[in-house]
Amino acid sequence: MKVSETAIPGVLILEPRVFGDERGFFMESFNQRAFNEAVGHEVTFVQDNHSRSAKGVLRGLHYQLPPHAQGKLVRVTRGRVFDVAVDLRRSSATFGRWVGVELSGENNRLLWLPPGMAHGFLVTSDSADFLYKTTDYYAPELERCVRWDDRELAIDWPLGNATPLVSGKDVQGASFSSIRAAP
């Protein structure tokens, strides 16, 4: 597995080895020992999620507060997305910065987001199947959302002139400045 660092410490791009021939392909999509070695410590996943979204759907930017902050290992099995991590760790030198990575069924990349990141993605293909493993259970009372179009974050979503399809809940997301100002 190839491991690449991003501009945010702890956020990693993982690229498994893919063995293909005229019959198709084989890859090991997850190996606990190799993953722990890649991130440098033991990580336990407790929940797997799967979503399917149409072209132009934008989900996020979601996160959970401590003590149930979630680390996420995400991948796309069909289609293509522009995936974004925003650093919400106040003690981090990259607090408030974002990174974006294309994940697709063709490139087989995985993205590791440690706890303390807001996460979102935009579907850029006709549809996409998105899988993610989480390090803590979903806790709706601790779930939060930062607006996907926050001016301070200035995420460069590959929208062209299109308007994304966003849930009502995500439209109500908080501004980054309100999160930055919160205790």
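Above this text you will find the structure in question.
Residues numbered from 1 in each chain as written. Predicted model: local features only at pLDDT ≥ 70, side-chain atom pairs only at ≥ 80, totals over all residues. Heavy atoms only, no water.

K.L.:
What is the right way to look at the sheet that holds strand β6 (residues 58-64) in this model?
P.N.:
Strand pairs in the sheet, formed through backbone hydrogen bonds, run parallel or antiparallel to each other. The strand order across the open sheet built from five strands is β9-β8-β11-β6-β13, with neighbouring strands paired in antiparallel fashion. At either margin of the open sheet sits one strand with a lone partner, and together these are β9 (98-104) and β13 (143-145). When the angles between neighbouring strand axes are averaged without regard to direction, this sheet yields 25 degrees. As paired strands, strand β8 (residues 80-87) and β9 are joined by seven bridges and run antiparallel to one another. Along β9, the bridge assignment pairs Arg80 with Ser104. (Pairing = 2+ DSSP bridges. Helix = DSSP H or I, 4+ residues; strand = E, 2+ residues; numbered from the N terminus. Axes fitted to C-alpha atoms, helices over the stretch in contact; angles between N-to-C directions.)

K.L.:
Explanation requested: the environment of Val46 in the structure shown.
P.N.:
Tracing the sequence through the fold places Val46 in the loop between α1 (32-39) and β5 (47-54). Given the relative accessible area of 31%, Val46 is considered partly exposed. (Buried < 20%, exposed > 50% of the residue type's maximum accessible area, 1.4 Å probe, protein only.)

K.L.:
Help me understand the pairing of β8, please; the structure alone is not making it clear to me.
P.N.:
The buried fraction of β8 amounts to seven of the eight residues, a majority that puts the element mostly inside the structure. The sheet contact formed by β8 and strand β11 (residues 117-123) spans seven bridges and is antiparallel. By the bridge assignment, Val81 is partnered in β11 with Val123.

K.L.:
What should I look at first to understand the layout of surface pockets in this one?
P.N.:
Quantified by volume, the largest pocket comes out at close to 430 Å³. Taken together, 26 residues make up the lining of the largest pocket; nearest its centre are His62, Lys72, Tyr132, Tyr138 and Glu143. The set of elements that each furnish at least two residues to the lining of the largest pocket consists of β5, β6, β11, β12 (127-134) and α2 (168-171). Among the elements that make up the lining of the largest pocket, the one with the highest residue count is β6 (five residues). The residue inventory of the lining of the largest pocket, partitioned by class, reads ten nonpolar, eleven polar and five charged. Tyr63, Leu65, Pro66, Leu88 and Arg90 are, among the 15 residues lining the second largest pocket, the residues nearest its centre. (1 Å grid on protein atoms, 1.4 Å probe; cavity = no way out; pocket = protein on both sides within 12 Å on 5 of 7 lines; lining within 4 Å. Points joined across faces, edges and corners; volume = space filled by probe spheres on them. Nonpolar A, V, L, I, M, F, W, Y, C, P; charged D, E, K, R; others polar.)

K.L.:
Before we go on, may I ask you to explain unusual backbone geometry in this structure?
P.N.:
Note the cis peptide between Gly60 and Leu61, where omega equals 15 degrees. Positionally, Leu61 belongs in strand β6. A positive phi angle is found at Ala154, which is not glycine, with a value near 50 degrees.

K.L.:
Before we go on, may I ask you to explain the pattern of salt bridges in this structure?
P.N.:
Close approach of charged atoms allows side chains of opposite charge to pair. Applying the stated rule across the entire model yields eight salt bridges. With a shortest N-O distance of 3.7 Å, Arg80 and Glu102 are connected by a salt bridge. Of this pair, Arg80 sits in strand β8 while Glu102 sits in strand β9; the two residues are 22 residues apart in sequence, bridging distant segments of the chain. Look at Arg80 and you get partly exposed, because its relative accessible area is 30%. For Glu102, a relative accessible area of 38% puts it in the partly exposed group. Put simply, Arg52, Arg78 and Asp129 are held in one network by salt bridges that share partners. (Salt bridge = Lys/Arg side-chain N within 4 Å of Asp/Glu carboxyl O.)

K.L.:
So what exactly am I meant to see when it comes to the pairing of strand β10 (residues 110-113) here?
P.N.:
Remark: a regular strand shows side chains that alternate across the two faces of the sheet. Residues Leu110 and Trp112 point to one face of β10 and Leu111 and Leu113 to the other, with burial holding for every one of them. Inspection of the sheet shows strand β2 (residues 12-15) paired to β10 by three bridges, in the antiparallel sense. Across the sheet, residue Leu12 finds its bridge partner in β10, namely Trp112. Bridging between strand β7 (residues 72-78) and β10 involves four bridges; their strand directions are antiparallel. Across the sheet, the residue bridging to Lys72 is Leu113, located in β10.

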